[in-house]
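# Architecture at a glance
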Amino acid sequence: VELGKGVFKLGREVNGNISIVTKGEEPGLHVVRVETYNPAGENISYYSFNVVCKKGKGRFSFPLSLNDSAGVWRLKIRDITSGKEKEESFEVIVR
């Protein structure tokens, strides 16, 4: 998972790229679940979604609200087929 800048301002979009790595063969179609957690550790369901990764590649974005919490947020990314998970974090700052 690659996040745009790693630091995002309130009211702006969080964006990122997902790459699926497989052993030996080119990745096919994968669906990845992205769960988003705020700095308090709460799952934010309206910022959680599925990403379709054709040939192992996918992109996502979601807008931050102006009244979201500043701080370090987490993304929990899970490949639906294999169950493999990865976590990434990003920082949200006030404008």
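Scroll up a little and you will see the structure.
Worth saying up front: this structure is predicted, and the values here are computed from it rather than measured. (Residues numbered from 1 in each chain as written. Predicted model: local features only at pLDDT ≥ 70, side-chain atom pairs only at ≥ 80, totals over all residues. Heavy atoms only, no water.)

Another aspect to go through is the pattern of salt bridges. Applying the stated rule across the entire model yields four salt bridges. Glu-35 is paired through a salt bridge with Arg-33; the nearest N and O atoms lie 2.7 Å apart. Glu-35 gets classed as buried once you look at its relative accessible area, which sits at 19%. Residue class for Arg-33 comes out partly exposed when judged on its relative accessible area of 22%. Across the pair Glu-85 and Arg-78 runs a salt bridge whose closest N-O atoms are separated by 4.0 Å. (Salt bridge = Lys/Arg side-chain N within 4 Å of Asp/Glu carboxyl O. Buried < 20%, exposed > 50% of the residue type's maximum accessible area, 1.4 Å probe, protein only.)

The next point concerns the sheet that holds strand E7 (residues 71–79). A sheet is described by the order of its strands in space; here five strands give the open sequence E2-E8-E7-E4-E5, paired in mixed fashion. Looking at the sheet topology across the chains shown, the edges are occupied by strand E2 (7–9) and strand E5 (49–53). The mean inter-strand angle of the sheet, taken between neighbouring strand axes irrespective of direction, is 30°. Both strand E4 (residues 30–37) and E5 contribute to a ladder of five bridges, which runs antiparallel. Considered in E5, the bridge of His-30 is made with Cys-53. (Pairing = 2+ DSSP bridges. Helix = DSSP H or I, 4+ residues; strand = E, 2+ residues; numbered from the N terminus. Axes fitted to C-alpha atoms, helices over the stretch in contact; angles between N-to-C directions.)

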